[in-house]
Every structure is written in structure tokens, then in C-alpha cells.
Amino acid sequence: MHLLRITDLQIAFETELGTSVAVQDSSFTVDRGVVVAIVGESGSGKSVTSLSILQLLPAKTVRYPKGSILFSADGEDAINILDLKEAELRNIRGSQISMIFQEPMTSLNPVFTCGEQVIEAILQHTSVSKAIAREQTLDLFSKVKLPDPESVFKRYRLRYVPVSHNHIVKSFPDFFKSAFPHSVEYGIIFLPCVLSGC
């Protein structure tokens, strides 16, 4: 069974001028251990499709007139993400499906340290102590080749250039999407396997 199967997905938005269809009949699969790239022109629906997988589009305006987004965490049973309630989605987001957004400057909150933000993600999706989460965060910072992980842990996002923001955001566990500088691309792509022990 596929890890993710999107079938005949249509994504539309309700606007003051009526319904606008952003994605028409999109279908693809993602299997375990396989990297999939969604490629297309600007405005072709790549981001809208990706955000739909985690149901991150504005609920008040987005509509899914047809199609399905089937996710199988265990390889046995699949759930349609479009049928899940917000509480059920929170259990999947971050722990089973994650996303690294295109713009690292907006991915980190400027009022919390870089370390606090990664620890929060770990604590939300695991049952480890705060001390263990701190150790895991420092280890992740090292794996994505941030200089002086202890110092980065204590700093706020505004003190870093975008490349460093990207590295910090990539430290969040269980990620699958990337937009990396070539110098660390190879290591980052395989980091999820290192983290999960595959």
C-alpha cells in the first residue's frame, strides 16, 4: 500500500467573485523511502496541493469538490485526510507528516529561541523529557551542520541569515521536503533515515 495516494484531487476556493478552481484532477502516489518532486510552472498548484495534504489551507474558503488524499502510516490501513477533524490532524502533523516551508524567514517565531522552537516540536510529538528533547535538538543542529549548535540553540531567528534559518527549520523532526544549499543537500535528504533508523 502506498504511503500517500492522491486521486483525482480538485482544490477550489470560494471568493467574492465565485468559485476559483486552483487544482484540477491531480493524482500521484508517494511510496516509503522514495523522494517525490512536484514540478510545475508558477501558479500551477504545487503549493496548494502540498498544503492540502496537511490541511493547512484556510478552512473558511477552501473546498475539495472531488478526490481523496489517502495516507497509510502502517502500510496496512489508509485514512482519507480530507475526512479528518482538526484534533485528528494534529496527531498526524509533525509526527507522521511534516513540511518545511519555502520561506525560512517566516518559519521561525522571532520571540522564541531557535532551540525552544525545535524542542516544542519534539515534545509535542514524543513522550521524552525536556532534557532529552534538548539533547536531541542539539544533535539535530549538528547533523544539519549548524556551526556551534549550543550557541544557535540560545539565539533568536533575527540573528541569522536565511541559510541558517533554513538549517534550523530543517532540524524539525520527521520532515520530508527540502530546499537546501547544495553543500548540505545530500546529508539533509538522508537525515530522516538517520533519525528514524532506516
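Note: the structure precedes this text.
Given the structure is predicted, the values throughout are model-derived calculations rather than measurements.

**Student:** Sorry if this is basic, but what is going on with the environment of phenylalanine 153 here?
**Tutor:** Mapped onto the fold, phenylalanine 153 is located in helix H5 (residues 149-154). Overall, phenylalanine 153 belongs to the buried group, its relative accessible area being 9%. A C-alpha to C-alpha distance of 8.9 Å links phenylalanine 153 and arginine 134, two positions 19 residues apart in sequence.

**Student:** Looking at this structure, how should I read the sheet that holds strand E2 (residues 18-30)?
**Tutor:** Within a sheet, each strand pairs with its neighbour through backbone hydrogen bonds, oriented either parallel or antiparallel. Taken together, four strands build an open sheet; the order of strands is E2-E1-E3-E4 and the sheet is antiparallel. At either margin of the open sheet sits one strand with a lone partner, and together these are E2 and strand E4 (79-80). Taken strand by strand, helix H1 (residues 46-53) contacts strand E1 (4-15), E2 and strand E3 (62-71), and its axis lies near 110° from that of E1.

**Student:** I tried to follow unusual backbone geometry on my own but got confused; where do I start?
**Tutor:** One can expect most non-glycine residues to show negative phi and most peptide bonds to be in trans. A positive phi angle, close to 65°, is found at lysine 145, a residue other than glycine. With respect to the helices, strands and loops of the structure, lysine 145 is situated in the loop between helix H4 (130-143) and H5. Positive phi values are uncommon outside glycine, yet aspartate 148 reaches one of about 50°. Tracing the backbone through its elements, the reader meets aspartate 148 in the loop between H4 and H5.

**Student:** I would appreciate a short explanation of the nonpolar core in the present structure.
**Tutor:** In summary, soluble globular proteins display a tendency toward joint burial of nonpolar side chains. Residues Leu4, Ile11, Leu57, Ile69, Ile81 and Ile97 are the most contacted members of the largest nonpolar core, which totals 21 residues. No other element matches the five residues that E1 contributes to this core. The residues contacting isoleucine 81, other than those within four sequence positions of it, are Ser52, Ile53, Gln55, Ile69, Phe71, Leu89 and Ile97. Within the second largest apolar cluster, twelve residues are counted, among which are Cys114, Ile119, Leu146 and Phe153.

**Student:** Looking at this structure, I do not really get the pattern of salt bridges. What am I missing?
**Tutor:** Any two side chains of opposite charge can pair if their charged atoms end up close together. Under the criterion given, the structure shown has five salt bridges. Two residues, lysine 66 and aspartate 25, come together in a salt bridge whose shortest N-O distance is 2.7 Å. A residue pair is termed long-range when its members are at least 10 positions apart, and lysine 66 in strand E3 and aspartate 25 in strand E2 qualify at 41 residues. When its relative accessible area of 37% is taken as the criterion, lysine 66 is described as partly exposed. A salt bridge links glutamate 86 to arginine 90, with the shortest nitrogen-to-oxygen separation between them at 3.9 Å.

**Student:** What is the right way to look at the environment of arginine 90 in this model?
**Tutor:** Relative to the elements of secondary structure, arginine 90 occurs in helix H2 (residues 86-92). Residue classification places arginine 90 among the partly exposed positions, given a relative accessible area of 44%.

**Student:** What is the right way to look at the pairing of E3 in this model?
**Tutor:** For a regular strand, side-chain orientation follows a simple rule: the groups alternate between the two sheet faces. As paired strands, E1 and E3 are joined by seven bridges and run antiparallel to one another. Residue phenylalanine 13 lies in a different strand from E3, and its bridge partner there is valine 62. Direction of pairing for E3 relative to E4: antiparallel, over a ladder of two bridges. Across the sheet, residue leucine 70 finds its bridge partner in E4, namely asparagine 80.

**Student:** Can you help me understand the pairing of E2 in this one?
**Tutor:** Bridge analysis of E1 against E2 gives nine bridges, and the strand direction is antiparallel. Of the residues in E2, the one forming a bridge with threonine 15 is glycine 18. In this structure, the hairpin formed by E1 and E2 is closed by a connection of two residues.

What counts, and where the lines are drawn
Residues numbered from 1 in each chain as written. Predicted model: local features only at pLDDT ≥ 70, side-chain atom pairs only at ≥ 80, totals over all residues. Heavy atoms only, no water. Helix = DSSP H or I, 4+ residues; strand = E, 2+ residues; numbered from the N terminus. Buried < 20%, exposed > 50% of the residue type's maximum accessible area, 1.4 Å probe, protein only. Pairing = 2+ DSSP bridges. Contact = heavy atoms within 4.5 Å. Axes fitted to C-alpha atoms, helices over the stretch in contact; angles between N-to-C directions. Core = buried A, V, L, I, M, F, W, Y, C linked by side-chain atoms within 4.5 Å. Salt bridge = Lys/Arg side-chain N within 4 Å of Asp/Glu carboxyl O.

Worth remembering: the numbers are spatial, not functional.
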